[in-house]
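# A look at the structure
Below, each chain spelled out in residue letters.
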Amino acid sequence: MKHTLIATLVGALLVSGGAHAEKLKIEFWTMSMKPRFENYFQDLVKRYEAQNPDVDVVWTDLPWDVIRSKFTAAVAAGQPPALANMNVQWAYDYAQTGAIQPIDALLGKDRAMYMPGALADVTWKGKTYAFPWYNSADVMAVNANIFKKAGLDPNKPIANLSEQLKVAAQIRQKAGVAGLAPRLGRVESVFLGEGLPVLENGKAVFNSPKHVALLREFAVAYKAGALLKDNLFAEDNFQVSIAAYNGGRLGILETTPPALTRVRDDAKDIYAATIAHPVPPGATGVVKGGWLMDFVVPKGVDPKLLPQVGKFAKFLTNDANQLAFSKDTGGTYPSVKQAALDPFFQDVPADAGAVENARAIGARNLANVRTLAILGIDDPAPLLRRLREETEAAVTGRKDPKAALDAAVAFWNAQLKKK
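### Observations concerning unusual backbone geometry
The omega torsion of the bond from Lys34 to Pro35 falls at 0°, within 30 degrees of zero and hence cis. With respect to the helices, strands and loops of the structure, Pro35 is situated in the loop between β1 (24-31) and α2 (38-51). At Lys125, a residue that is not glycine, the phi angle is positive and equals roughly 55°. Following the sequence through the fold, Lys125 ends up in the loop between β4 (123-124) and β5 (127-128). For Lys125, a relative accessible area of 81% puts it in the exposed group. Positive phi, normally seen in glycine, also occurs at Asn231, with a value near 55°. When you line up the elements, Asn231 lands in the loop between α10 (209-223) and α11 (238-246).

Written out as structure tokens, the structure is:
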């Protein structure tokens, strides 16, 4: 009897030990989340493991400038994480090389919980390659005092870019300050926002009549003094733009809702006169300002693990967890539909300022927000630099817009042919 009891206990311990050893391990990587969001992720992991006791979730956070090289090495060694945090450009590059795998089967019917724009950002050649995570969106802030001085209604939304440039010209003419600070140092994203392609079939195509016409509109506005000239053709003109807006030298500021806290904190009089509006959509309805982050599934993940990987990825990016992350960050938007409808985004008090109104406006536009970036170029810096130079020459009147874009396209295609 004693031996039987001992044998039973030993057997039970072995079974228990075997069950523990058979726990499924899911390792997921994030990018530059520590230490700010350590509590958020630790809590998320605990909750998932409590709901799934047969799963061991391992969270690894890597700096943004390290994660890509680590990921490439891990995939090459056949030891990838189950999920890795990427941006749209990196996900696209890895999809082209086969380092990550499509996730359509893992999404299943839960595809419907994500914003269509977010899914479109990570879908190429009919296959979806990433679980959308957090996003961003632009809004338009206008100085009501400047608008009234220019004879404009500050409460009236602006329908499109052409109207926006005309409004900017009227501000210059009647109020004596610049109306707009467009991001002409990244004119490729301006083209994409207007539904105008930059690359097709591996070739530059941004010298079409529509591209040329758009650049001419900017040239007319520039000549009229409608555009803020400070750093107009820099890669990033945000700092000078918000300084000009806070100083009463700019009528319209396009930025993300959290950036308006700079106006609120640094220029109280200007903030009191600020009204938030939706940013004018592009010709195809695209809303600017998107910068989607996502989670990819690497090549080499054990196929038997994939159902659990998909389950965890959808937990990681579901409405409740994305909403909690947005609240924690105070400045990101979710890429899922229900979270964007939460009172955190939608309930705006009657006495709310531009920051709160802007947050709600951005949330209402999320379905059409897109990440407007050039994809599939190994070293885009020389190409973008040449495009900036030609754009500056065209907008400032030193070169005909058609000739400028023709020259940039010729340069791009000569360089792309070498790759």
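We are not done yet, so read on.
### Some details on helix α8 (residues 161-175)
Taking 1.5 Å per residue as the helical rise, α8 with its 15 residues ought to reach 21 Å, and the 20 Å between its terminal C-alpha atoms agrees with that figure. Listed in full, the buried residues belonging to α8 are Leu161, Gln164, Leu165, Val167, Ala168, Ile171 and Ala175. Down the axis of α8, the sector holding all buried residues measures 160°, keeping them to one side. Among the exposed residues of α8, those oriented more than 90 degrees off its buried face are Lys166 and Gln173. Buried residues along α8 sit in contact with β7 (139-143), α7 (144-149), α9 (187-193), α10 and β10 (252-255). A distance of 3.3 Å separates the backbone nitrogen of Ser162 from a side-chain oxygen at the start of α8, and that oxygen is part of Asn160. With its phi angle positive at about 80°, Gly176 sits one or two positions after the end of α8.

### Digging into the layout of surface pockets
Of the volumes computed, that of the largest pocket is approximately 880 Å³. When residues of the lining of the largest pocket are traced back to their parent elements, those giving at least two are α8, α9, α11, β10 and β12 (287-290). Considering every element that reaches the lining of the largest pocket, the biggest residue donor is β10, with 4 residues. By residue class, the composition of the lining of the largest pocket is 16 nonpolar, 10 polar and 10 charged. Its boundaries defined by the atoms lining it, the second largest pocket holds a volume of some 600 Å³. Surrounding the second largest pocket, 25 residues form its lining, Leu192, Val198, Leu199, Ala373 and Leu375 being those nearest its centre. Those elements that provide at least two residues to the lining of the second largest pocket are α4 (88-97), α6 (116-121), β8 (199-200) and β14 (369-371). Of the residues that constitute the lining of the second largest pocket, the class distribution is 16 nonpolar, 6 polar and 3 charged.

### Some thoughts on the sheet that holds β10
Spatially, the 3 strands line up as an open sheet ordered β10-β7-β11, and their pairing is antiparallel. This sheet does not close on itself; its edge strands, each paired only once, are β10 and β11 (274-278). Pairs of neighbouring strands in the sheet enclose a mean axial angle of 25°, with direction left out of account. Sheet topology note: the β7/β11 ladder contains 5 bridges and is antiparallel.

### Points about the environment of Lys402
On the secondary structure map, Lys402 appears in helix α20 (residues 401-418). With residues near it in sequence (within four places) discarded, Lys402 still touches Asn207, Val212 and Arg216.

### Overview of the pairing of β7
Counting buried residues in β7 gives 5 out of 5 residues, a clear majority hidden from the surface. Burial of the side chains of β7 extends over both faces: Val139, Ala141 and Asn143 are buried on one face and Met140 and Val142 on the other. Judged from the 4 bridges that link them, β7 and β10 form a sheet pairing that is antiparallel. Bridging from a neighbouring strand, Ala141 pairs with Leu253 of β10.

### Concerning the pattern of salt bridges
Counting across every chain of the model gives 17 salt bridges. Residue Asp266 is joined to Arg262 by a salt bridge in which the shortest nitrogen-to-oxygen separation is 3.8 Å. Of this pair, Asp266 and Arg262 are both found in helix α12 (residues 260-266), 4 residues apart, which corresponds to roughly one turn of the helix. For Arg262, a relative accessible area of 31% puts it in the partly exposed group. Each member of the salt-bridge network shares a partner with another, and the members are Arg386, Glu390 and Lys399.

### As for the sheet that holds β1
One open sheet accounts for 5 strands, arranged β2-β1-β3-β13-β6; its pairing is mixed. If you trace the sheet from one side to the other, it starts and ends with β2 (55-62) and β6 (131-132), each paired once. Relative to strand β13 (residues 293-296), β6 runs antiparallel, the two being bridged by 2 bridges. Bridge pairing in β13 places Pro132 opposite Asp294. Each of β1, β2, β3 (83-87) and β13 touches helix α3 (residues 67-76); the most contacted strand, β1, lies at about 150° to it. Against the sheet, helix α14 (residues 306-316) touches β1, β2, β3, β6 and β13, its axis set at about 40° to β1.

### Looking at the side chain of Asn87
With respect to the secondary-structure elements, Asn87 resides in strand β3. Polar side-chain contacts of Asn87 include one of 3.1 Å to the backbone nitrogen of Gln89. Residues contacting Asn87, with those up to four places away along its chain left out, are Met31, Trp291, Leu292, Met293 and Asp294.

### Notes on the packing of α2 against helix α15 (residues 319-329)
The axes of two packed helices give the description: the angle between them and the distance between them. At their nearest, the axes of α2 and α15 sit 11 Å apart, and the two run at 165° to each other. In terms of axis orientation, α2 runs roughly antiparallel to α15. Judged by the twist between their axes, the crossing of α2 over α15 is right-handed. Residues Tyr40, Phe41, Leu44 and Arg47 of α2 lie in contact with α15, whose contacting residues are Asn321, Gln322, Ala324, Phe325 and Asp328. In terms of residue class, the contact of α2 with α15 is made up of 5 nonpolar, 2 polar and 2 charged.

Rules used throughout
Residues numbered from 1 in each chain as written. Predicted model: local features only at pLDDT ≥ 70, side-chain atom pairs only at ≥ 80, totals over all residues. Heavy atoms only, no water. Helix = DSSP H or I, 4+ residues; strand = E, 2+ residues; numbered from the N terminus. Buried < 20%, exposed > 50% of the residue type's maximum accessible area, 1.4 Å probe, protein only. Expected span 1.5 Å × (residues − 1). Arc of directions from axis to C-beta. Contact = heavy atoms within 4.5 Å. Polar contact = N/O pair within 3.5 Å; in protein donor to acceptor, adjacent residues only side chain to side chain. 1 Å grid on protein atoms, 1.4 Å probe; cavity = no way out; pocket = protein on both sides within 12 Å on 5 of 7 lines; lining within 4 Å. Points joined across faces, edges and corners; volume = space filled by probe spheres on them. Nonpolar A, V, L, I, M, F, W, Y, C, P; charged D, E, K, R; others polar. Pairing = 2+ DSSP bridges. Axes fitted to C-alpha atoms, helices over the stretch in contact; angles between N-to-C directions. Salt bridge = Lys/Arg side-chain N within 4 Å of Asp/Glu carboxyl O. Parallel < 35°, antiparallel > 145°, perpendicular 65-115°, else oblique. Left-handed = near helix turned anticlockwise from the far one by under 90°.

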